[in-house]
Amino acid sequence: PSNKRVFVRGTGKYYETVAEATREANDGDEIVLSSGMYYETEDVTISKAVTISAANEGELKASVRIVFSAECGAVFESTGIKVQDVAFLQLRAWTKEPKSKDATKFQGCVRVRNSDATFQGCSFSSESAPAIVVAGSSNPTFAKCSVQGCKKVAILCQGRSKPTFE
């Protein structure tokens, strides 16, 4: 059985991880995630104008969770990024041994840097760092999103960032 559950419209190919799909996608592509949990062991960097969304499964949206260990997360650093109906979760280290001695090197489950990314119907949670870090001159929009399960700081805004919450 194939583990390739991430489809990129544009390339017409399936990938095993979200990180792999985002590297291969081009501006304007849609990355479609099938139902399930995606355990990412490296940073997922989105530096292209892509749409990331849960697949339509009949009349329902797929239930999608992208799970990161404490040492990695999602980085959004382009204009024109759209994310719909995806849950982002950062756990304390769930790997047996961290890749680096500093397992807290990644600050936040989701980091938005110099981007106007739009998040619609997403949820964000982090057990060890802020769920969302907005940095630089970012102007992201979070519409109908939730932030939960954060121990200390849920959202950290740095620099000239101006996030919008609807």
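Along each chain, residue indices are assigned from 1 in the same order as the chain's sequence is written. Only residues with pLDDT of at least 70 get local features here, since the model is predicted, and only at 80 or more are side-chain atom pairs given and counted; chain-wide, interface and lining totals rely on the full set of residues. To obtain the side-chain values, all non-hydrogen atoms of the structure were included, while hydrogens and water were left out.

A.B. asks: What's the story with the sheet that holds strand E15 (residues 123-126) in this structure? I'm lost.
C.D. replies: Neighbouring strands of a sheet are bound in pairs by backbone hydrogen bonds; such pairs are parallel or else antiparallel. Taken in spatial order, the five strands make up an open sheet running E4-E9-E12-E15-E18, and their pairing is parallel. Sheet topology places strand E4 (36-40) and strand E18 (146-148) at the edges, where each strand pairs with a single neighbour. Here the average twist between neighbouring strands, direction ignored, is 15 degrees. The pairing criterion for strands is at least two bridges between them, as found by DSSP. Helix and strand definitions follow DSSP, with helices as H or I runs of at least four residues and strands as E runs of at least two, each counted in order from the N terminus. Across five bridges, the pairing between E4 and strand E9 (residues 64-68) is parallel. Within E9, the position partnered with Gly36 by the bridge is Val64. Throughout, an axis means a line fitted to C-alpha atoms (over the contacting stretch in the case of helices), and angles, computed between N-to-C directions, take values from 0 to 180 degrees.

A.B. asks: Where do I start with the pattern of salt bridges in this structure?
C.D. replies: Charged atoms that come close allow side chains of opposite charge to pair. Each salt bridge in this description consists of a side-chain nitrogen of Lys or Arg and a carboxyl oxygen of Asp or Glu lying within 4 Å of one another. The tally for this structure, following the rule as stated, stands at four salt bridges. For Arg23, the salt bridge identified is with Glu42, shortest N-O distance 3.1 Å. Here Arg23, found in helix H1 (residues 18-24), pairs with Glu42, found in the loop between E4 and strand E5 (44-46); they are 19 residues apart in sequence, far enough to count as distant. Under the relative-accessibility criterion, Arg23 is labelled partly exposed at 46%. Buried means the residue's accessible area, taken with a 1.4 Å probe over protein chains only, is under 20% of the maximum for its type, while exposed means over 50%, and partly exposed covers the values in between.

A.B. asks: Teacher, can you tell me more about empty space enclosed by the protein here?
C.D. replies: In this approach a probe as big as a water molecule rolls over the atoms, and the regions it shows empty are the leftover space. Here a cavity means grid points, on a 1 Å grid over the protein atoms only, where a 1.4 Å probe fits yet cannot get out; a pocket means an open set of points with protein on both sides within 12 Å along at least five of seven lines; lining residues are those with an atom within 4 Å of a point. Grid points are joined across faces, edges and corners, and a volume is the space filled by probe spheres set on the points. All told, the structure shown has three cavities of 30 Å³ or more when counted by the stated rule. The space that makes up the largest cavity amounts to roughly 40 Å³. Together, Val18, Val44, Ile46, Ile52, Ile66, Phe68, Ala74, Phe76 and Phe88 line the largest cavity. Secondary-structure elements contributing two or more residues to the lining of the largest cavity are E5, E9 and strand E10 (74-76). Residues that form the lining of the largest cavity fall into these classes: nine nonpolar, no polar and no charged. Each residue gets one label: Ala, Val, Leu, Ile, Met, Phe, Trp, Tyr, Cys and Pro are nonpolar, Asp, Glu, Lys and Arg are charged, and the others, such as Gly, are polar.

A.B. asks: Looking at this model, I keep getting lost on the pairing of E15. Mind explaining?
C.D. replies: In the case of a regular strand, side chains alternate between the two sheet surfaces. Across the two faces of E15 the burial is the same, with Ser123 and Ser125 and Phe124 and Ser126 all buried. In the sheet, strand E12 (residues 87-90) pairs with E15 via four bridges, with the strands oriented parallel. Its bridge partner lying in E15, Ala87 is registered against Ser123. Note: E15 against E18, three bridges, orientation parallel. For Phe124, the partnering residue across the bridge sits in E18 and is Val147.

A.B. asks: Would you take a moment to explain the nonpolar core for this structure?
C.D. replies: By nonpolar core we mean a set of buried residues, namely Ala, Val, Leu, Ile, Met, Phe, Trp, Tyr and Cys, connected to one another through side-chain atoms within 4.5 Å. Counting 39 residues, the largest nonpolar core has Leu33, Phe76, Phe88 and Phe119 as its most contacted members. Not counting residues within four places of it along the chain, the set of residues in contact with Phe119 comprises Phe76, Val83, Val110, Val112, Phe124, Thr141, Phe142, Ala143 and Cys145. Contact between two residues is taken to exist if any of their heavy atoms lie within 4.5 Å; hydrogens are not considered.

A.B. asks: Help me understand the sheet that holds strand E2 (residues 13-15) in this model?
C.D. replies: The strand order across the open sheet built from eight strands is E2-E1-E3-E6-E11-E14-E17-E20, with neighbouring strands paired in mixed fashion. Since the sheet does not close on itself, it has two edges, and those belong to E2 and strand E20 (164-165), each with one partner. As paired strands, strand E1 (residues 6-9) and E2 are joined by three bridges and run antiparallel to one another. Looking at E2, one finds that Phe7 is bridged to Tyr14.

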